[in-house]
Amino acid sequence: MSRREIRVDPEELGALAFDLGLAHETLATSPRYAHLEAGDVWGRLPGAVSDFITKNEKPREELIQQLDVAAQALAAAARTFGETESCLVRALTGGT
């Protein structure tokens with residue numbers, strides 16, 4: 001069994017958290033399906049649009065929530081790794 005090294009770059013982790021935060025913000029501020037209307041058109045289109053809205057609103061809200069949680073968790077991990085790295089460097093170099 002080979003051992004693998006795990007290396008964490010706090011700056012890269014922070015950048016990923018930032019990108020996830022932007023994705024969350026973009027999705028959270030985009031128009032909600034519930035605010036769309038099917039319109040008064042012929043045939044089954046209004047029913048199809050209503051079904052689409054009903055079926056997709058909950059997964060959309062869950063995705064927004066998951067993006068927010070992921071962004072916050074990664075940002076916390078980046079801060080923690082950065083602080084730990086800083087403490088280790090100070091300890092190994094005799095800094096205060």
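Look above for the structure.
Residues numbered from 1 in each chain as written. Predicted model: local features only at pLDDT ≥ 70, side-chain atom pairs only at ≥ 80, totals over all residues. Heavy atoms only, no water.

### A short note on the overall build of the protein chain
Part 1: For the protein chain, the helix and strand inventory stands at 2 helices and 0 strands.
Part 2: Expressed as a percentage of its 96 residues, the buried residues of the protein chain come to 12%.
Part 3: Across the protein chain, contacts joining residues at least 24 apart in sequence account for 77% of those joining residues at least 6 apart. (Helix = DSSP H or I, 4+ residues; strand = E, 2+ residues; numbered from the N terminus. Buried < 20%, exposed > 50% of the residue type's maximum accessible area, 1.4 Å probe, protein only. Contact = heavy atoms within 4.5 Å.)

### Details of the pattern of salt bridges
Side chains carrying opposite charge are able to pair once their charged atoms draw close together.
Part 1: A full pass over the atoms with the stated rule returns 1 salt bridge.
Part 2: Here glutamate 61 makes a salt bridge to arginine 60, at a shortest N to O gap of 3.6 Å. (Salt bridge = Lys/Arg side-chain N within 4 Å of Asp/Glu carboxyl O.)

### Here we look at helix H1 (residues 10-29)
Part 1: Over its 20 residues, H1 extends 28 Å from the first C-alpha to the last, a length consistent with the 28 Å expected when each residue adds 1.5 Å.
Part 2: Taken together, the buried positions of H1 are Pro10, Leu13, Ala17, Leu20 and His24. The arc that holds the buried residues of H1, viewed along the axis, is 85°, so those residues lie on one side. What points out from H1, more than 90 degrees from its buried face, is the exposed set Glu11, Glu12, Phe18, Thr26 and Thr29.
Part 3: In this structure aspartate 9 caps H1, since a side-chain oxygen of it lies 3.0 Å from the backbone nitrogen of glutamate 11. (Expected span 1.5 Å × (residues − 1). Arc of directions from axis to C-beta. Polar contact = N/O pair within 3.5 Å; in protein donor to acceptor, adjacent residues only side chain to side chain.)

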